[in-house]
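# A closer look at the structure
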Amino acid sequence: MSCKLDFKIENYLEYQGTPEEVAKKIDECEFCGAKLLLSHLPDYRSLLVQETSRCLDCGGVHKKIIHALN
């Protein structure tokens, strides 16, 4: 049986560079450069937030990340 994880745990090591470069990695589509639409689903019992990034221009789902709430 194949098991594929939909979401990955956020790794802050991916966000290196100047503040402008980090903002570009988070906010812009890596394929077409358009602004991404971010949606968040909080789970307060587990102290997690599921984030999904979608591009409205090219239609792709680019990132599915789980953020830990502290």
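Everything discussed here concerns the structure shown above.
Residues numbered from 1 in each chain as written. Predicted model: local features only at pLDDT ≥ 70, side-chain atom pairs only at ≥ 80, totals over all residues. Heavy atoms only, no water.

Each helix and strand in the protein chain was counted, giving 1 helix and 4 strands. Going from N to C terminus, the protein chain has its helices and strands arranged as β-α-β-β-β. With respect to the principal axes defined by its C-alpha atoms, the protein chain has extents near 35 × 30 × 20 Å. The buried share among the 70 residues of the protein chain stands at 21%. The contacts in the protein chain between residues at least 6 apart in sequence include a share of 28% that link residues at least 24 apart. Accessible area for the protein chain stands at about 5700 Å²; split by element, carbon and sulfur atoms hold 56% of it. The centroid of the 9 positive side-chain charges in the protein chain is displaced by 5 Å from the centroid of its 11 negative side-chain charges. (Helix = DSSP H or I, 4+ residues; strand = E, 2+ residues; numbered from the N terminus. Buried < 20%, exposed > 50% of the residue type's maximum accessible area, 1.4 Å probe, protein only. Contact = heavy atoms within 4.5 Å. Areas by Shrake-Rupley, 256 points an atom, 1.4 Å probe, with all protein chains shown as cover. Lys, Arg positive; Asp, Glu negative; His and termini not counted. Charge placed at Lys NZ, Arg CZ, Asp CG, Glu CD.)

It is worth spelling out unusual backbone geometry at this point. For Leu47, which is not a glycine, the phi torsion comes out positive at approximately 55°. Structurally, Leu47 is set in the loop between β2 (36-43) and β3 (48-55). Among the residues examined, Leu47 registers a relative accessible area of 44% and is labelled partly exposed.

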